[in-house]
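# Residue-level structural notes
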2 protein chains.
Amino acid sequence: MRELEQRILTDGRVLPGEVLKVDGFLNHQVDPDLMFTIGSEFARLFREAGITKILTVESSGIAPAVMAGLQLHVPVVFARKHKSVTLIDDLYTAEVYSYTKKTSNHISISKKFLSADDKVLLVDDFLANGQAVQGLFEICDQAQAEIAGVGIVIEKIFQSGHQLVADRGVRLESLAQITSFDGDRVHFASEATD
Amino acid sequence: MRELEQRILTDGRVLPGEVLKVDGFLNHQVDPDLMFTIGSEFARLFREAGITKILTVESSGIAPAVMAGLQLHVPVVFARKHKSVTLIDDLYTAEVYSYTKKTSNHISISKKFLSADDKVLLVDDFLANGQAVQGLFEICDQAQAEIAGVGIVIEKIFQSGHQLVADRGVRLESLAQITSFDGDRVHFASEATD
């Protein structure tokens, strides 16, 4: 998505360790108009997929997920993060390791809001090592829900998350695909086709 | 807002301790179309207030805040919650006590995203004891930002948050005002004027 790539180039910052900071428009300060455009694009891509529900993880996934839900007219469920989880009968849970924070969290979704009748689109702000998406896969498996696709705002395709989704055989749509960082320059997969 | 009150009556559940559970459409599963309507109403109410930025707190405030931001065409900043905060120069922080969880959290906003030039609308899903709003007031004061109003999805007007906002002299707009619970029945302020 050209508009998103442009925004990454103008407002993103590359930090040491191949970290892209986009807290000016995506995951701390949020640009609602850009989120609407992102939601439109997810809706366009998955319009024919028969999605019944969108799943994401708090907090940064919520804005793009809700904008996609608005345009597909389906509910959005955001998984809650917990330090630890006391196993409660009415929750689906999974453990998620964060490479940036070097800690494990649990994520959970109430069983009320996901079932074997659902055809799910997973939405998140970033795909890097794919730990959050892996956690959502596990939760969908527990619910026996069908996973129709994964919609990512910004993907670092040189990290392991891309392969993790491919191995699962799930359709992956990333609106900005970063192939590499070169100092503070960001390279996109789309450059190859320009 | 009649549509919201109806939704609370059909999908909300009253739990012991005057807790209203609305995880089916507001703070776990989210109804994006209802959020859009809520955002429209905030935008209508504050259209002439010269808002430059919307502030909320992760995670449940994000969906209504982003929908209001979409329709006022202003950025939304969500404060992050932390267990503890190491005082960092580039953050505004405040301590927020949660009566439901009986723990204190810190909330923070990057100094980059709030300044004395801002005229701020605070948006949150609930107003009960007003601790989150109080934390956002403190953060706005640190930034010397002007607070133009508070927009709340569901207010329990019999708890102390209402007075806290009134004492500050800030305009408060709540889309559903609950006056009391009567067993599992919910009473709204609007009933008096029906």
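What counts, and at which threshold
Residues numbered from 1 in each chain as written. Chains lettered and ligands numbered in written order. Predicted model: local features only at pLDDT ≥ 70, side-chain atom pairs only at ≥ 80, totals over all residues. Heavy atoms only, no water. UniProt positions renumbered as here; feature names shortened; annotations may be inferred. Pairing = 2+ DSSP bridges. Helix = DSSP H or I, 4+ residues; strand = E, 2+ residues; numbered from the N terminus. Buried < 20%, exposed > 50% of the residue type's maximum accessible area, 1.4 Å probe, protein only. Contact = heavy atoms within 4.5 Å. Polar contact = N/O pair within 3.5 Å; in protein donor to acceptor, adjacent residues only side chain to side chain. Buried area = accessible area lost by both parts, 1.4 Å probe. Salt bridge = Lys/Arg side-chain N within 4 Å of Asp/Glu carboxyl O. Nonpolar A, V, L, I, M, F, W, Y, C, P; charged D, E, K, R; others polar. Right-handed = clockwise from strand over helix to strand, strands pointing away.

Per an unreviewed UniProt entry, chain A carries the name Xanthine phosphoribosyltransferase and comes from Lactiplantibacillus songbeiensis. Annotation of chain A in UniProt includes, under Function (unreviewed entry), the sentence "Converts the preformed base xanthine, a product of nucleic acid breakdown, to xanthosine 5'-monophosphate (XMP), so it can be reused for RNA or DNA synthesis." Word for word, the UniProt comment on chain A under Subunit (unreviewed entry) is "Homodimer."

Residues and elements named next belong to chain A. Here strand E10 (residues 172-182) pairs with strand E11 (residues 185-188) via four bridges, running antiparallel. Directly across from Ser 180, in E11, lies its bridge partner His 187. Taken together, E10 and the strand that follows it, E11, pair antiparallel across an intervening segment of two residues, in which Gly 183 is found at a positive phi of about 65°.

This part covers the UniProt feature "binding site: xanthine" (unreviewed entry) in chain A. Mapped onto this numbering, the UniProt entry annotates "binding site: xanthine" (unreviewed entry) at Leu 20, Asn 27 and Lys 156 of chain A. Along the polypeptide, Leu 20 of chain A turns up in strand E2 (residues 19-21). By relative accessible area, Leu 20 of chain A is classed as buried at 6%. When sequence neighbours within four positions are dropped, the list of residues in contact with Leu 20 of chain A reads Ile 8, Gly 12, Arg 13, Val 14, Phe 126, Ile 154, Ile 178, Phe 181 and Val 186 of chain A. Counting through the fold element by element, Asn 27 of chain A comes out in the loop between E2 and strand E3 (29-30). Look past the residues within four positions of Asn 27 of chain A in its chain and what remains in contact with it is Val 22, Ser 60, Asp 125 and Phe 126 of chain A together with Phe 78 and Arg 80 of chain B. Engagement of the side chain of Asn 27 of chain A in a polar contact is seen with the backbone nitrogen of Asp 23 of chain A, the distance being 3.5 Å.

All right, on to the interface of chain B and chain A then. Counting residues at the interface gives 33 residues for chain B and 33 residues for chain A. Of the roughly 2700 Å² buried between chain B and chain A on both sides combined, carbon and sulfur atoms contribute 60%. Between chain B and chain A we count two salt bridges in total. With a closest N to O distance of 3.1 Å, Asp 23 of chain B and Lys 112 of chain A form a salt bridge. For the side of chain B that touches chain A, the secondary-structure elements that each account for two or more residues are strand E3 (29-30), helix H2 (32-46), helix H3 (62-72), strand E5 (76-82) and strand E7 (103-110) of chain B. By residue number, the principal contributor to the side of chain B that touches chain A is H3 of chain B, which donates six residues. In the side of chain B that touches chain A, the residues fall into 15 nonpolar, 10 polar and eight charged.

Residue and element names in this part refer to chain A. Following the sequence through the fold, Glu 191 ends up in the segment after E11. Classification of Glu 191 by relative accessible area gives partly exposed; the value is 32%. Here His 187 takes part through its side chain, which lies 3.1 Å from a polar atom of the side chain of Glu 191. One polar contact links the side chain of Glu 191 to the main-chain amide nitrogen of Phe 188, over a distance of 2.8 Å.

The next subject is the pairing of strand E9 (residues 146-156) of chain A. All names here are of chain A. A large share of E9 lies buried, amounting to 10 of its 11 residues. Here strand E8 (residues 119-127) pairs with E9 via eight bridges, running parallel. Of the residues in E9, the one forming a bridge with Leu 127 is Glu 155. Crossover handedness for the path E8 to helix H4 (residues 131-143) to E9: right-handed. As paired elements, E9 and E10 share six bridges and run parallel to each other. Residue pairing in the sheet places Ile 154 in a bridge with Ala 176 of E10.

We now examine the UniProt feature "binding site: 5-phospho-alpha-D-ribose 1-diphosphate" (unreviewed entry) in chain A. Residue and element names in this part refer to chain A. UniProt annotation of "binding site: 5-phospho-alpha-D-ribose 1-diphosphate" (unreviewed entry) refers to Ala 128, Asn 129, Gly 130, Gln 131 and Ala 132 when read in the numbering used here. In this structure, Gln 131 sits in helix H4. Those residues within four positions of Gln 131 in sequence are excluded, and the remaining contacts are Val 96, Tyr 97 and Tyr 99. Along the polypeptide, Ala 132 turns up in helix H4. Overall, the relative accessible area of 22% leaves Ala 132 in the partly exposed class. Excluding anything up to four places from it in sequence, Ala 132 contacts Val 57, Val 96, Ile 107 and Asp 124.

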